[in-house]
Amino acid sequence: MKELRIKVADPVRVNEEFIEYSYYPHGYKGKMRFWDAAMVYEGTRRLRQLFNFNVQL
């Protein structure tokens, strides 16, 4: 992101289920929302693969 000059703001909890990330590419503003449970699942899956617990992508 740094190479593309895109600034990403800290995450904001929208409600108990969603997290919102604001980003600023070249002077514009964008927002992306993610389901909290999906983020935890994906992070856990990637960490397990990183530490080689027999999980495939």
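Please refer to the structure higher up on the page.
This is a predicted model, so every value here is computed, not measured.

Each value, and the rule that gives it
- Residues numbered from 1 in each chain as written.
- Predicted model: local features only at pLDDT ≥ 70, side-chain atom pairs only at ≥ 80, totals over all residues.
- Heavy atoms only, no water.
- Phe/Tyr/Trp six-rings, centres within 6.5 Å; stacked < 30°, edge-to-face > 60°.
- Helix = DSSP H or I, 4+ residues; strand = E, 2+ residues; numbered from the N terminus.
- Buried < 20%, exposed > 50% of the residue type's maximum accessible area, 1.4 Å probe, protein only.
- Salt bridge = Lys/Arg side-chain N within 4 Å of Asp/Glu carboxyl O.
- Expected span 1.5 Å × (residues − 1).
- Contact = heavy atoms within 4.5 Å.
- Patch = residues over 30% accessible without salt bridge, like charges linked within 9 Å, V, L, I, M, F, W, Y side chains within 5 Å.
- Areas by Shrake-Rupley, 256 points an atom, 1.4 Å probe, with all protein chains shown as cover.

Examining the packing of aromatic side chains
Two aromatic rings, taken as a pair, are described by how far apart their centres are and by the angle between their planes.
Next up, step 1: Under the definition given, this model contains one aromatic pair.
Next up, step 2: Between Tyr21 and Phe34 the ring centres are 5.9 Å apart and the planes differ by 70°, which places this aromatic pair in the edge-to-face class. Taken together, the residues Tyr21 in strand E3 (residues 18-25) and Phe34 in strand E4 (residues 30-35) connect sequence positions 13 residues apart.
Next up, step 3: The class for Tyr21 is partly exposed, based on a relative accessible area of 22%.

Some points on the pattern of salt bridges
Next up, step 1: Applying the stated rule across the entire model yields five salt bridges.
Next up, step 2: Where Asp36 meets Arg13, a salt bridge forms, and the shortest distance between an N and an O atom there is 3.4 Å. With Asp36 in helix H1 (residues 36-50) and Arg13 in strand E2 (residues 12-13), the pair connects residues that are 23 residues apart, well separated along the chain.
Next up, step 3: Relative accessible area serves as the criterion here: at 22%, Asp36 is assigned to the partly exposed category.
Next up, step 4: Classification of Arg13 as partly exposed rests on a relative accessible area of 49%.

Some details on H1
Next up, step 1: The first and last C-alpha atoms of H1 sit 21 Å apart over 15 residues, in line with the 21 Å expected at 1.5 Å per residue.
Next up, step 2: Once H1 finishes, Asn52 follows within two positions and takes phi at roughly 60°, a positive value.

Some points on the side chain of Ser22
Next up, step 1: Inspection of the secondary structure assignment puts Ser22 in strand E3.
Next up, step 2: The residues touching Ser22, leaving out its near neighbours within four places in the chain, are Lys7, Val8, Ala9, Lys29, Gly30 and Lys31.

Things to note about the environment of Tyr21
Next up, step 1: Separated by 13 residues in sequence, Tyr21 and Val8 place their C-alpha atoms 7.1 Å apart.
Next up, step 2: Discounting residues that sit within four places of it in the chain, Tyr21 has contacts with Val8, Ala9, Pro11, Gly30, Lys31, Met32, Phe34 and Met39.

So, a nonpolar patch on the surface
Next up, step 1: Among the surface-exposed residues, Val14, Phe18 and Trp35 lie close enough to one another that they form a single nonpolar patch of about 270 Å² accessible area.
Next up, step 2: Examined against the element boundaries, Trp35 turns out to sit in strand E4.
Next up, step 3: In this structure Trp35 comes out as partly exposed when scored by relative accessible area, which is 48%.

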